[in-house]
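# Notes for the structure review
So the chains spell out like this:
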Amino acid sequence: VGITLADHSSKMLREEEVGDALAIVCITARHRDWVLQMFPSAEKKVKVLEKDIEDPWHQDQAVYDMCASQLLEVVPRFLEKEFGSLIESERKCAKP
């Protein structure tokens, strides 16, 4: 997909990030359950994409590529559904 993650490494979600987040988007229901177990107060912020996407962690490049393709398909629809009115409002405010 043309994105390099050579310098990326995963990290654990921190309470400060949860508090600052508008939303916490998980790719699987299992991830959502973990977030809620660790941060019960985040219940209203935690969302799962419209379909579970296989977690590519510790798998080969082909699984990462498949995950990226699925995310490119699903994320725009998710953002429009969950935050469409917010995005539109921001666009109106940005117009000269």
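Quick summary incoming for the structure in this document. Residue positions within a chain follow its written sequence, with the count starting from 1. Reporting in this predicted model follows two pLDDT cut-offs: at least 70 for local features of residues, and 80 or more for side-chain atom pairs to be given and counted; totals over whole chains, interfaces and linings ignore these cut-offs and use all residues. To obtain the side-chain values, all non-hydrogen atoms of the structure were included, while hydrogens and water were left out.

So, on to the overall build of the chain. Helix and strand content of the chain: 3 helices and 2 strands. A helix here means a DSSP run of H or I that spans at least four residues, while a strand means a run of E at least two residues long, and both kinds are numbered starting from the N terminus. Traced from its N-terminal end to its C-terminal end, the chain shows the element sequence α-β-α-β-α. Projected onto the principal axes, the alpha-carbon positions of the chain cover approximately 45 × 35 × 25 Å. Only protein chains enter the accessibility calculation, which uses a 1.4 Å probe; a residue is then buried when its area is under 20% of its type maximum, exposed when over 50%, and partly exposed in between. Here the chain holds 96 residues, and the buried ones make up 21% of them. By definition in these notes, contact holds between two residues if any of their heavy atoms fall within 4.5 Å. Within the chain, contacts between residues separated by at least 24 positions form 42% of all contacts whose residues are at least 6 apart in sequence. Areas reported as accessible are Shrake-Rupley estimates using a 1.4 Å probe. Residue values count occlusion only from the protein chains shown. As displayed, the chain offers around 7600 Å² of accessible surface, 55% of which is attributable to carbon and sulfur atoms.

Helix length check: helix 3 (residues 61-94), at 34 residues, gives a terminal C-alpha distance of 39 Å against a target of 50 Å (1.5 Å per residue), a shortfall beyond 12%. A residue's bend is given by the angle between axes fitted to the 7 residues ending at it and the 7 residues starting at it. Considering bend angle alone, the principal kink of helix 3 is centred on Phe83 and spans about 85°. Residues of helix 3 that are buried: Val63, Cys67, Gln70, Val74, Phe78, Phe83 and Gly84. Where helix 3 is buried, its residues touch strand 1 (24-26) and strand 2 (46-48). Here the expected length of a helix is defined as 1.5 Å per residue gap, with one fewer gap than residues.

When two rings of Phe, Tyr or Trp (its six-membered ring) have centres within 6.5 Å they constitute a pair, described as stacked for plane angles under 30 degrees, edge-to-face for angles over 60, and tilted for the intermediate range. For the structure on display, the rule yields 2 aromatic pairs. Ring plane angle 75° and centroid distance 6.4 Å describe the contact between Trp34 and Phe39, whose orientation is recorded as edge-to-face. Using a relative accessible area of 31% as the deciding quantity, one classes Trp34 as partly exposed. Owing to a relative accessible area of 12%, Phe39 belongs among the buried residues under this scheme. With centroids separated by 6.3 Å and ring planes inclined at 75°, the aromatic side chains of Phe78 and Phe83 adopt a geometry described as edge-to-face. Across this residue pair, the class does not change: Phe78 and Phe83 are buried.

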